[in-house]
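Fold and geometry: a report
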Amino acid sequence: MFTLTDIVQPTTIEEAYAILTKRKNNQIIGGSAFLRMGKKRIGTGIELSNLNLDYIKEDEDYIEIGAMTTFRELETSDIIKNNFGYVLNHSVRDIIGVQFRSVVTVGATVFSKYGFSDLIIALLCLDTEIETFGEGRMTLDEFLNKGYEKDLLTKIYIKKNNKKASYKALRNAKSDYPIVNVAVSKLDNTFKICIGARPQVAKEAKNASEFLSNNNITNENIDKAVQIAVDELSFGSNMKASKEYRYAMAKVLIKRAIMEVI
């Protein structure tokens, strides 16, 4: 359990960012679901409920999601389902339980770049951008590959382009963290293949995506793309599974996801 010296509820994003960067041990609280699972001493905890960042909006080109939107709101949103099918719903529906998903926030999860995250990989296979107060707007892929910098994630944008997408995961138990997860999307003839819980953070298998996008969709080429994907990204071992097991199971999940989007 974490401990706090102080807690504040700023009324503007500018105020929240100023407090965050004032001292090294000041921290955004978010939903604090995962924060409670570790031990940490926090100077000033910054609670964002007064900043109106709990929303899902639709405009002509993008779906905009506020950082304080919960997994449960994402899971049940008609706006999300109507634009992206069930890929985001499927990515969060098995996380612990409804009570937990009603607390966990989208912004905290994405900003923390959790290697085990189900949501991040589903967002990565779509055309997703994030916006932080300090760095501004960038692609999710760019953000995930940046080093950690103290900042405040405020919004997520997902492009509306009728992508077909599929999320697959392997778990020891239904509500457990994933051993490995994958997401595949297809727009016209362009594929995007992503692998997460390796146990490192989700990443696109770019060589595999390019191969499948530029070749005829045959069983042989699908199998080649799957092999390219698992060979170009690294896998590791932890208490849940060995790297060899993750490597083998990722191949199965990728192929299932590809077959689903085609």
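Here is a short report on the structure shown in this document. (Residues numbered from 1 in each chain as written. Predicted model: local features only at pLDDT ≥ 70, side-chain atom pairs only at ≥ 80, totals over all residues. Heavy atoms only, no water.)

1. Notes on the overall build of the chain
The following threshold applies: Secondary structure follows DSSP: runs of H or I at least 4 residues long count as helices, runs of E at least 2 residues long count as strands, and numbering of each begins at the N terminus. Only C-alpha atoms enter the radius of gyration, while the globule expectation follows 2.2 Å times N to the 0.38, with N the number of residues. Three labels apply to residues, based on accessible area from a 1.4 Å probe with only protein chains included: buried if under 20% of the type maximum, exposed if over 50%, partly exposed otherwise in between.
Helix and strand content of the chain: 11 helices and 12 strands. Radius of gyration (C-alpha) of the chain: 19 Å, near the 18 Å computed for a compact globule of 262 residues. Taking the principal axes of its C-alpha atoms as reference, the chain extends roughly 60 × 45 × 30 Å. Here the chain holds 262 residues, and 51% of them are scored as buried.

2. With respect to the side chain of Asn83
To keep it simple, the criterion reads: Distance and chemistry together define a polar contact, namely a pair of N or O atoms within 3.5 Å, with one atom able to donate a hydrogen and the other to accept it when in protein, and with adjacent residues in sequence counting only for side-chain atoms on both sides. The contact rule is simple, with two residues in contact once any of their heavy atoms fall within 4.5 Å.
Relative to the helices and strands, Asn83 is located in helix α3 (residues 78-84). Asn83 sits in the buried class, given a relative accessible area of 17%. A polar side-chain atom of Asn83 sits 2.8 Å from the main-chain carbonyl oxygen of Ile79. Contacts of Asn83, omitting those with residues within four sequence positions, involve Glu58, Ile63 and Lys160.

3. Brief notes about the sheet that holds strand β5 (residues 62-66)
The test is simple: Here the rule is simple: two strands pair whenever DSSP picks up at least two bridges between them. Interaxial angle, 0 to 180 degrees, is taken between N-to-C directions of lines fitted to C-alpha atoms, where a helix line uses only the stretch in contact.
Spatially, β4-β5-β8-β6-β7 is the arrangement adopted by the 5 strands of the open sheet, whose pairing is antiparallel. Each having just a single partner strand, β4 (56-58) and β7 (136-139) make up the two edges of the open sheet. Pairwise comparison of adjacent strand axes, ignoring direction, gives a mean angle of 20 degrees for this sheet.

4. Points about the pairing of strand β8 (residues 153-159)
Most of β8 sits out of view: 5 of its 7 residues are buried. Here β5 pairs with β8 via 5 bridges, running antiparallel. If you follow Ile65 over to β8, its bridge partner there is Ile156. Sheet topology places strand β6 (residues 128-132) next to β8; 5 bridges connect them, and they run antiparallel. Each residue of the ladder has a partner; that of Ile130, found in β8, is Ile156.

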